[in-house]
Number of protein chains: 2
Amino acid sequence: MTERTKVILDESEIPARWYNVMPDLPAPMPPPLHPGTGQPVGPEDLAPLFPMELIRQEVSADSYVDIPDVVRDVYRLWRPTPLYRAHRLEKALNTPARIYYKYEGVSPAGSHKPNTAVPQAYYNAAEGTKRLTTETGAGQWGSALSFACAQYGIDCEIWMVRASYDQKPYRRTMMETWGATVHASPSRTTKAGADILAADPDSTGSLGIAISEAVEAAGGSADTRYALGSVLNHVLMHQTVIGEEALKQFAVAGESAPDLIVGCTGGGSNFAGLFFPFLREKLAGRINPVIRAVEPAACPSFTRGRYAYDFGDTAGFTPLLKMHTLGHDFIPDPVHAGGLRYHGMSPLLSHMYELGLFEAEARQQRECFAAAITFARAEGIIPAPEPTHALASVIEEAKRCAESGEPKVILTALCGHGHFDMAAYQRYLSGEMEDFELSQERIDDALTRLPTVAG
Amino acid sequence: MTERTKVILDESEIPARWYNVMPDLPAPMPPPLHPGTGQPVGPEDLAPLFPMELIRQEVSADSYVDIPDVVRDVYRLWRPTPLYRAHRLEKALNTPARIYYKYEGVSPAGSHKPNTAVPQAYYNAAEGTKRLTTETGAGQWGSALSFACAQYGIDCEIWMVRASYDQKPYRRTMMETWGATVHASPSRTTKAGADILAADPDSTGSLGIAISEAVEAAGGSADTRYALGSVLNHVLMHQTVIGEEALKQFAVAGESAPDLIVGCTGGGSNFAGLFFPFLREKLAGRINPVIRAVEPAACPSFTRGRYAYDFGDTAGFTPLLKMHTLGHDFIPDPVHAGGLRYHGMSPLLSHMYELGLFEAEARQQRECFAAAITFARAEGIIPAPEPTHALASVIEEAKRCAESGEPKVILTALCGHGHFDMAAYQRYLSGEMEDFELSQERIDDALTRLPTVAG
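This text gives an overview of the structure that appears in the document.

Rules used in this analysis
- Within every chain, residues take consecutive numbers counted from 1 along the sequence as written.
- Working convention: letters from A go to chains and numbers from 1 go to ligands, in the order in which they are written.
- At least 70 in pLDDT is required for a residue's local features to be given in this predicted model, at least 80 for side-chain atom pairs to be given and counted, and no such filter applies to totals for whole chains, interfaces and linings, which use all residues.
- For side-chain calculations, the full set of non-hydrogen atoms in the structure is used, while hydrogens and water are omitted.
- Secondary structure is summarised from DSSP: a helix means a run of H or I of at least four residues, a strand means a run of E of at least two, and numbering begins at the N terminus for each.
- As a reference, a globule follows 2.2 Å times the number of residues to the power 0.38, and the radius of gyration itself is taken over C-alpha atoms.
- The buried label goes to any residue with under 20% of its type's maximum accessible area, the exposed label to any with over 50%, and the partly exposed label to all in between, with areas taken from a 1.4 Å probe on protein chains only.
- The contact rule is simple, with two residues in contact once any of their heavy atoms fall within 4.5 Å.
- For every accessible area listed, the method is Shrake-Rupley and the probe measures 1.4 Å; residues are considered covered only by the protein chains on display.
- Note that His is not counted, nor are the chain ends; the positive residues are Lys and Arg, and the negative ones are Asp and Glu.
- The atoms used to mark charge sites are NZ of Lys, CZ of Arg, CG of Asp and CD of Glu.
- Values labelled buried area give the accessible surface lost by two parts on being combined, using a 1.4 Å probe and summing over both.
- Between Lys or Arg on one side and Asp or Glu on the other, a salt bridge is scored when a side-chain nitrogen of the former is within 4 Å of a carboxyl oxygen of the latter.
- Here a polar contact means two N or O atoms within 3.5 Å. Within protein one must be a hydrogen donor candidate and the other an acceptor candidate, and residues neighboring in sequence count only if both atoms are side-chain atoms.
- The nonpolar class holds Ala, Val, Leu, Ile, Met, Phe, Trp, Tyr, Cys and Pro. Asp, Glu, Lys and Arg form the charged class, and all remaining residues, Gly among them, are polar.
- Residues reaching a pLDDT of at least 70 in both copies supply the C-alpha atoms on which the copies are superposed by least squares.
- In this scheme, strands are said to pair when DSSP sees at least two bridges between them.
- Here an axis means a line fitted to C-alpha atoms, over the contact stretch when the element is a helix, while the angle between two N-to-C directions is reported on a 0 to 180 degree scale.
- Angles below 35 degrees are treated as roughly parallel, those above 145 as roughly antiparallel, those between 65 and 115 as roughly perpendicular, and all remaining angles as oblique.
- Each crossing is labelled by how the near helix is turned from the far one, with a counterclockwise turn of less than a right angle marking it left-handed and a clockwise turn marking it right-handed.

Considering the overall build of chain A
Argument step 1. Along chain A, the regular secondary structure elements total 19 helices and 15 strands.
Argument step 2. Relative to the 2.2 N^0.38 estimate, which gives 23 Å for 455 residues, the radius of gyration of chain A is 21 Å and therefore close to what a compact globule would have.
Argument step 3. Classification of the 455 residues of chain A by burial places 65% in the buried group.
Argument step 4. Across chain A, every contact between residues at least 6 apart in sequence was considered, and the portion connecting residues at least 24 apart equals 77%.
Argument step 5. In the form shown here, chain A has an accessible surface area of approximately 14,800 Å², with 49% of it arising from carbon and sulfur atoms.
Argument step 6. Between the centroid of the 40 positive side chains of chain A and the centroid of its 55 negative side chains there is a distance of 4 Å.

Observations regarding the interface of chain B and chain A
Argument step 1. Contacts between the two partners involve 47 residues from chain B and, on the opposite side, 47 residues from chain A.
Argument step 2. In total, about 4,200 Å² of surface goes out of reach between chain B and chain A, with carbon and sulfur atoms giving 51% of it.
Argument step 3. The tally of links between chain B and chain A comes to four salt bridges.
Argument step 4. Counting the contacts that link chain B with chain A gives 29 residue pairs in polar contact (both at pLDDT 80 or more).
Argument step 5. Among the elements of the structure, helix H3 (69-75), helix H6 (140-152), helix H8 (169-177), helix H16 (365-379) and helix H18 (422-429) of chain B are those that each provide at least two residues to the side of chain B that touches chain A.
Argument step 6. The residue inventory of the side of chain B that touches chain A, partitioned by class, reads 23 nonpolar, eleven polar and 13 charged.

Focus: the relation of the copies chain B and chain A
Argument step 1. After a rotation of 180° and a shift along the axis of 0.0 Å, chain B superposes on chain A with an RMSD of 0.0 Å. Both chain copies can therefore be described as sitting about a two-fold axis.
Argument step 2. Comparing interface residues between copies, 100% of those in chain B also lie at the interface in chain A; the contact surface is shared.

A few points about the environment of Asp-445 of chain A
Argument step 1. Within the fold, Asp-445 of chain A resides in helix H19 (residues 440-447).
Argument step 2. Sequence separation between Asp-445 of chain A and Gly-327 of chain A is 118 residues, and the spatial gap between their C-alpha atoms is 8.7 Å.

Overview of helix H8 (residues 169-177) of chain A
Given 3.6 residues per turn, any residue in an α-helix points the same way as the ones three and four places further on.
Argument step 1. Among the residues of H8 of chain A, those classed as buried are Arg-171, Arg-172, Thr-173, Met-174, Met-175 and Thr-177 of chain A.
Argument step 2. Within two residues after H8 of chain A, Gly-179 of chain A carries a phi angle of roughly 105°, on the positive side.

Here we look at the environment of Thr-129 of chain A
Residues and elements named next belong to chain A.
Argument step 1. Within the element layout of this structure, Thr-129 appears in the loop between helix H5 (114-126) and strand S6 (131-136).
Argument step 2. We classify Thr-129 as buried; its relative accessible area is 2%.
Argument step 3. Side chain to side chain, Thr-129 and Asn-124 meet in a polar contact 2.9 Å long.
Argument step 4. A polar contact of 3.3 Å, which involves the side chain of Thr-129, links it to the side chain of Arg-225.

Thoughts on the sheet that holds strand S8 (residues 181-185) of chain A
All names here are of chain A.
Argument step 1. Strand order in this open sheet of four strands is S8-S7-S6-S9, and the pairing throughout is parallel. Either end of the sheet is taken by a strand with one partner, and the two such strands are S8 and strand S9 (224-226). Averaged over all adjacent pairs, the angle separating strand axes in this sheet is 25°, with direction ignored.
Argument step 2. Bridge analysis of strand S7 (residues 155-161) against S8 gives five bridges, and the strand direction is parallel. Each bridged residue has a counterpart across the sheet, and for Met-160 the counterpart in S8 is Ala-184.
Argument step 3. Strand contacts of helix H6 (residues 140-152): S6 and S7, with the helix running at about 165° to S6, the strand carrying the most contacts.

Here we look at the packing of H6 of chain A against H8 of chain A
Residues and elements named next belong to chain A.
Argument step 1. One way to put it is that H6 packs onto H8 with a least axis distance of 8 Å and a crossing angle of 15°. It follows that H6 is roughly parallel to H8 by the angle criterion. Crossing of H6 over H8 shows left-handed handedness. Where H6 abuts H8, its residues Gln-140, Gly-142, Ser-143 and Ser-146 lie against Arg-171, Met-174 and Met-175.
Argument step 2. Residue composition of the contact of H6 with H8, by class: two nonpolar, four polar and one charged.

Listed below in structure tokens is the structure:
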């Protein structure tokens, strides 16, 4: 073929600014509310958890925020990331579609998560934080924050969902290699964890429970704060380095624009990071891609959740967030895409979904792993379970193009590699992987416990 | 710091030719011998195992061999690989040394091995091979060949050392994801394996045994051949893409030359791939680096082995190779650097060592993992156990520079990531990792069984 396979940019082209989509939206998003008063939360409510600069970014009305040089210096370890043209996948599918994927698995932690972990650790270190707490499910976020904290010399303490802690000891070792302390959640190190264990000593935990523990642990001391790996506005903004680079790389590749952008969504940050800069161009009338979120059928917050105020965690420590939610105590079936097993969704993305700025669909995991095998044999890279959801959608679309003859330009986010997810591949290859049917009754039941908004 | 962290080359700068060091050597290397006749083996002896083009390359007197475009097209999936300046490691060590590492872990299989797996699979496919057999220890080579065979649509059958097969199920799944069939070795699928099992039903295998099985399995049918991941001349030559790129990248970085080049050695291919092009420049009088091989103290073929004719495998199926060997039935203690646990050494490198073209040293694994932790916390990347041997030497050298004030320029090969080796990191971090003392008696005993050369 002898055609360009990947577009690589020089380090000097690492974006100098993050893009803040909020000022460009046709309507402002509903604010987070204090659960007691029903009033919007202010900076003083968030200050025990986050450094002031991140609180400023969370509500910023500026279209751009400068990326500090010391953050870009750490980004240099793996950024700019490659944009691949999937020549070999196209050939395997015999499709006229032109498929591009932006690959974030080249980061030390193996996913897009360090894009926000690094600035979060930096701003905390700059404001005197000595210790950061967080939760992790599959381990991608915990790995990223451990790496980032090692870069700025601050301690990192992680509550890892018990099911993953037991099933994925190597992710835990990765975090410890970078110097972090890892607890299985629920744990007895917090009241939230101890209460859960008192009710159910065999609890295997959930992301919502682990968030409760990490938030509680951060509240206890003045030099400890909390970091969140998705959902919040500043997190999504940090991820826009992905889309800004991809825009430049599209130009280098000689493509005017994608016809379709596809990303997987759990909390929403990887999808947002890819498409926000393209949406800016779309809102300005320069391009017109269809934009699509793909979520797991076992945790379908966009496609089957309710747009309502809910807690971000199980214990109800967080402000109330207006988002697509399945209910804060909804525990998804154990699909392998641990990073997508979150009951809620980014409030910013939820708002944008209500505005009709993108579409969403849900997929079962066996179809996703079938897509992953096709992809891996063609392109080499073995994807993490999360982006296989986007790949399944891309492959279906490319097959449609094979029938219609349409040379559609498709862009997707390959947000991480699957090196720590081979047990899931083993289950798929051996025929043991199952799909889960989620009954409407389970969703309706969890939604009966949505908090009532005071005031 | 805001200094360049990595030098990336465009795809168009993937080398167009492999460099063959043999014509540049001051003396020819001793030929492989037929064990029965004591005479040099000819192409007809090798034809049942290898395609003719690889046999030609094995004995080529040409200084360069063109890389086929269809091979370069697959290289595009990850090459050129980045050359990193280890700013953060230098800072952590407070050293005036300038440390560079060429990172091969960006390949789909996670190491340098695909550099030769891809052309080997290609030449086989081009000459009608339908199935390739091979052995693998830690799994790096088996992964690479599985990936390469998927690219050219040929079957791949792998004998994996039983100890690794049981300890590293995820490497096995990786190979299966790319479509390979994996047997635990010793197996009952070959006579060599069945014989070993008859004598010792609980055998956990060795690389030498697995080679015997893969060679035997290849001999049985006309459309099946065998592939070796290191040791042979053509394998080392394919790896020279590493050093050729590094030479260009040094120029881009504004460095005239390294003062010291350090690589780890098992069979020798990653070390050779890095330094051969630099040696060409040194032999031409243009640069003058010190070149150093680092091997595990548990398997010290250069530093404590004998330079003699020996078999490449345990059962004695291979030609006799003149190399630094610990004896073909020597079983190294179970250090975690599985890729370095080979009783012999590349005959080409052995010859060059005798000619005084590089130096060698051996290191214990705990020192290597201590270096790995220092490296990972500074640079992010978690190294495979094999290159930690080179890192230990680099870090010691950089500390010496910190004392002497010498701004030495050091280049090393970071030949793979450690994502499938976290169990080893866990053992190190928990204090359970042990060093092994290798007695002279064990070496002397194994050497008593060296074959006698007839004729």
